[in-house]
Amino acid sequence: GENVEQHPSTLSVQEGDSAVIKCTYSDSASNYFPWYKQELGKRPQLIIDIRSNVGEKKDQRIAVTLNKTAKHFSLHITETQPEDSAVYFCAASRAGSYQLTFGKGTKLSVIP
Amino acid sequence: ETGVTQTPRHLVMGMTNKKSLKCEQHLGHNAMYWYKQSAKKPLELMFVYSLEERVENNSVPSRFSPECPNSSHLFLHLHTLQPEDSALYLCASSQARGGTGELFFGEGSRLTVL
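What counts as what
Residues numbered from 1 in each chain as written. Chains lettered and ligands numbered in written order. Predicted model: local features only at pLDDT ≥ 70, side-chain atom pairs only at ≥ 80, totals over all residues. Heavy atoms only, no water. Pairing = 2+ DSSP bridges. Helix = DSSP H or I, 4+ residues; strand = E, 2+ residues; numbered from the N terminus. Axes fitted to C-alpha atoms, helices over the stretch in contact; angles between N-to-C directions. Disulfide = S-S within 2.5 Å. Buried < 20%, exposed > 50% of the residue type's maximum accessible area, 1.4 Å probe, protein only.

Caption draft 1: The arrangement of the sheet that holds strand β1 (residues 4-7) of chain A in detail. Residue and element names in this part refer to chain A. Overall, antiparallel pairing links the five strands, which are arranged β1-β3-β8-β7-β6 in an open sheet. Looking along the sheet, the strands with just one partner apiece sit at the ends: β1 and β6 (56-59). Between one strand axis and the next, the sheet turns by 15° as a mean value, whatever way the strands run. Relative to strand β8 (residues 72-77), strand β7 (residues 62-67) runs antiparallel, the two sharing six bridges. Counted as the bridge partner of L66 is F73 from β8.

Caption draft 2: View of the state of the cysteines. Summed over the entire model, instances satisfying the criterion amount to two disulfides over all chains. Disulfide partner of C23 of chain A: C90 of chain A, at an S-S distance of 1.9 Å. In this structure the cystine formed by C23 of chain A and C90 of chain A twists about its S-S bond by roughly -100°; its chirality is therefore left-handed. One end of the pair, C23 of chain A, is in strand β3 (residues 19-25); the other, C90 of chain A, is in strand β9 (residues 86-92), with 67 residues separating them in the sequence. Across the pair, C90 of chain A and C23 of chain A agree in class, each one buried. Bridging C23 of chain B to C91 of chain B, the disulfide has an S-S length of 1.9 Å. As the torsion about the S-S bond is roughly -75°, the C23 of chain B-C91 of chain B disulfide counts as left-handed. One end of the pair, C23 of chain B, is in strand β3 (residues 18-25); the other, C91 of chain B, is in strand β9 (residues 87-94), and 68 residues separate them in sequence. Residue classification places C23 of chain B among the buried positions, given a relative accessible area of 0%.

Given below as structure tokens:
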């Protein structure tokens, strides 16, 4: 089955700096890669996703890049703000499957 | 109520108790999921129901028993649990198959097994 590795497990950045979280996956058939954000005591929520037919996707301060050859994808957050502090999860799945495999999460702390 | 709601939010039970977790979605979605979230581990998919039919069962011990009476409700029946079953149990729903569509999560039920 699919295996998703996520790094780093914790990340601290100064407010205004950029943050990058990286994930690798094992199943070359995976073609859907979402990112979820979970604030302390709250539910996980989708913040951005990318499908294998594109290499990059942006939404304001958030971007995701995908390298299918290397089987890795990354989340980039620019101009970080204290409200970006949360745990971020990457995930991978193949079309037609209900099996969404998550990484272990990255705890991002943005220091004011 | 909107979105996905779970009850109870907190549950403490002994190893011999029988309890149930309830999930209700108000989004008109056709798939519902149970995930287990433990510290230092990835979110683990336990069960998936699509149009009230179970489509995934990820080798979950039989002490966890799901039930989906209709497309809006999902239950997780708990029986003779172990302390290592203590975790946050998250319900989710999606319109499309979860692998390619957004999952909408509930707030979770925090379970403690004594």
